[in-house]
Amino acid sequence: MAQSKLPGPLCRFLGALEIDAGTLCRQASPLPGVVNHAHQPTQHRRRKRHQQAKSAKVPARAAGTSKTSSSEAAAQQLKAAKVFAPAATSKISPAEFEAAAQQLGGGIPVALLRAFAEVESGGKSGFGPMGLPVIAYEGHWFRKFTHKVYDVTHPFLSYPYVKKAGPEWVHNNKDQVTAWKTLEEALALNHDAALKSCSWGMFQVMGFNYASCGYKTVDDFVAAMKAGEAGQLLAFVGFCKANPACLEAMRKKDFKGMAIGYNGPDYGDYDKRIEKAYKKYGGT
Amino acid sequence: MAAPRLALVGMARAACAWVLAVGLPATSAEPEKLPVAGMYEGLMLAVAPDGRVTGSFQQAQGEGVVKQCRFLLVASSAMQPMSVVTWSTQAFSGTLVAHANELALKVSRLREHPGCASVLPPDEGQGLVLDRQFEAQWIELRRVQAERAPMQADVDKSSGARGYLVRGDIVAVLAVRGQRMLVDYPGAKRTVRAWLDASDTEGFVPPSR
């Protein structure tokens, strides 16, 4: 029974679908041409994974595999599957902006939240081309959360902070497909640490801030990130509520205070952009 | 079976006595008295011969809209663990503990520095632990206060300026000769080493709380 598979769909995100997994996952149609040709990439991936598994000399306890029972492993698989399941990618409706402003309280106008959403996202969606939240993987935090045990075996997943967007960061976050593939690799090593080490959605809130945003677990936070842009807005609202300086600046419509409180002292023209967007949405 | 058991107890006692007599060998978890000057994952740290520690921390995160956590610190080695004050717009106090190759900065309100809640995770009891990337001979960090502070290749000003720093730049002092200071300025691409007038810079003084 130890080798048994869970019933039902167990989609993994990139290249992990096995033909005998017994799932209901959607799979891309084979490419036209010689029948066997389409199988070669899968075999190649299997070989590569096998080689990676052989070369990875991670202590079993550190990897969390030695004493993990099959039911725990299945639960982990289910948790991982949820992360990669399709997300609701809907835009924020006017009613959802209203509800978020009410949740924030203090008479903070809807126009200000709309301004934040616009400036923080740069006018882009909180979801990438694959229909999953926009993320950026920050390996220096994964390294801290996993106590450096993957430094040698996975140097592109676990590395010290040298500067913002160093070579590993650029490699991991080249585009959203790469960022999610990186997350998948990190998830296989340590689920919670991987989710906590990414920034999520249109407000780029770090996963380690899940509790500050008002969620019990990082998986709950990720579920919110996948519940449309409205879910991402609510997480941001939760984060602001936990940041008294930023909240006070929002109440006073102190744009500089908002810029410093949320983004730090080198905020550039963030205050002016927020103010401009605020006025565009009817703020006074 | 009693005799071997007694022998084991005796050996254990002897081992304990040896440990008490000579002390435990140093491990990476054992704090050192003074931290080593150098760069620690965004924290530039200088240590003066009298034990005064000055530091400048900067980490950033995000694309497009960048979130930045930046603060200065001073610490005194008069007590162990070292007491530290960090400040940006407000000052917060805590402790700084040095280990073999890392530092643990424990300041309960560290994330209240502007931008730091977005960049740094909540403390899970260890404090902010930072690994040393390289050692340096920095004895003090200072901030440029002149609008333009010319840098020279030689202690003698007549050697001509090889660029200048601007107000707010942080420099690390390596040596002092009268009113002149040999400093390192870590730029975006490389570190510049040059001589500056001491009067163009100011020491770190935390704001009164």
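Residues numbered from 1 in each chain as written. Chains lettered and ligands numbered in written order. Predicted model: local features only at pLDDT ≥ 70, side-chain atom pairs only at ≥ 80, totals over all residues. Heavy atoms only, no water.

### Remarks on the packing of helix α4 (residues 94-104) of chain A against helix α11 (residues 228-241) of chain A
All names here are of chain A.
Here is step 1: Between α4 and α11, whose axes approach to 10 Å, the crossing angle comes to 15 degrees. The angle between α4 and α11 places the two elements in the roughly parallel class. For the element pair α4 and α11, the recorded crossing hand is right-handed. Across from E96, F97, A100, Q103 and L104 in α4, the residues of α11 making contact are A230, L233, L234, V237, C240 and K241.
Here is step 2: A breakdown of the residues in the contact of α4 with α11 according to their chemical character gives eight nonpolar, one polar and two charged. (Axes fitted to C-alpha atoms, helices over the stretch in contact; angles between N-to-C directions. Helix = DSSP H or I, 4+ residues; strand = E, 2+ residues; numbered from the N terminus. Parallel < 35°, antiparallel > 145°, perpendicular 65-115°, else oblique. Left-handed = near helix turned anticlockwise from the far one by under 90°. Contact = heavy atoms within 4.5 Å. Nonpolar A, V, L, I, M, F, W, Y, C, P; charged D, E, K, R; others polar.)

### Notes on the confidence of the model for chain B
Residue and element names in this part refer to chain B.
Here is step 1: For chain B, the mean per-residue pLDDT works out to 86, and 84% of the residues sit at or above 70.
Here is step 2: Within chain B, the element-level pLDDT minimum falls on helix α1 (residues 2-22), averaging 45, and the maximum on strand β9 (residues 140-144), averaging 98.
Here is step 3: Here residues 1-12 scores under 50 on pLDDT; set against residues more than four positions off or in separate chains, the count is zero contacts.
Here is step 4: This stretch, residues 14-29, has a pLDDT under 50; its non-local contacts, to residues over four places away or in other chains, come to seven contacts.
Here is step 5: Among the scores for the predicted complex, ipTM is 0.81 and pTM is 0.79. (pLDDT = per-residue confidence, 0-100.)

### Description of the nonpolar core
Here is step 1: Grouped together as the largest cluster of nonpolar side chains are 110 residues, with contacts concentrated most on L113(A), F116(A), L183(A), W200(A) and M250(A).
Here is step 2: The element that contributes the greatest number of residues to this core is helix α5 (residues 110-121) of chain A, accounting for eight residues.
Here is step 3: Among all residues touching M250(A), those that are not within four sequence positions of it are L104(A), I108(A), L112(A), L113(A), F116(A), C240(A) and M258(A).
Here is step 4: V173(B), V192(B), A194(B) and A198(B) belong to the second largest nonpolar core, which has twelve residues in total. (Core = buried A, V, L, I, M, F, W, Y, C linked by side-chain atoms within 4.5 Å. Buried < 20%, exposed > 50% of the residue type's maximum accessible area, 1.4 Å probe, protein only.)

### Points about the sheet that holds strand β3 (residues 205-206) of chain A
Residue and element names in this part refer to chain A.
Here is step 1: Taken in spatial order, the three strands make up an open sheet running β1-β2-β3, and their pairing is antiparallel. Sheet topology places β1 (135-137) and β3 at the edges, where each strand pairs with a single neighbour.
Here is step 2: Relative to strand β2 (residues 198-200), β1 is paired through three bridges, and the arrangement is antiparallel. For I135, the partnering residue across the bridge sits in β2 and is W200. (Pairing = 2+ DSSP bridges.)

### Some details on the interface of chain A and chain B
Here is step 1: Listed by partner, the interface residues are 33 residues for chain A and 29 residues for chain B.
Here is step 2: Both sides of the chain A and chain B interface together cover about 2,600 Å² of buried area, and 48% of this is carbon and sulfur.
Here is step 3: Its largest share of buried area at the contact with chain B, chain A owes to Y161(A), K164(A) and Q204(A), together 23% of the area lost on that side.
Here is step 4: Summed over the shared surface of chain A and chain B, the result is seven salt bridges.
Here is step 5: Across the pair E120(A) and K67(B) runs a salt bridge whose closest N-O atoms are separated by 2.8 Å.
Here is step 6: Linking chain A with chain B are 19 residue pairs in polar contact (both at pLDDT 80 or more), by the criterion used here. (Buried area = accessible area lost by both parts, 1.4 Å probe. Salt bridge = Lys/Arg side-chain N within 4 Å of Asp/Glu carboxyl O. Polar contact = N/O pair within 3.5 Å; in protein donor to acceptor, adjacent residues only side chain to side chain.)

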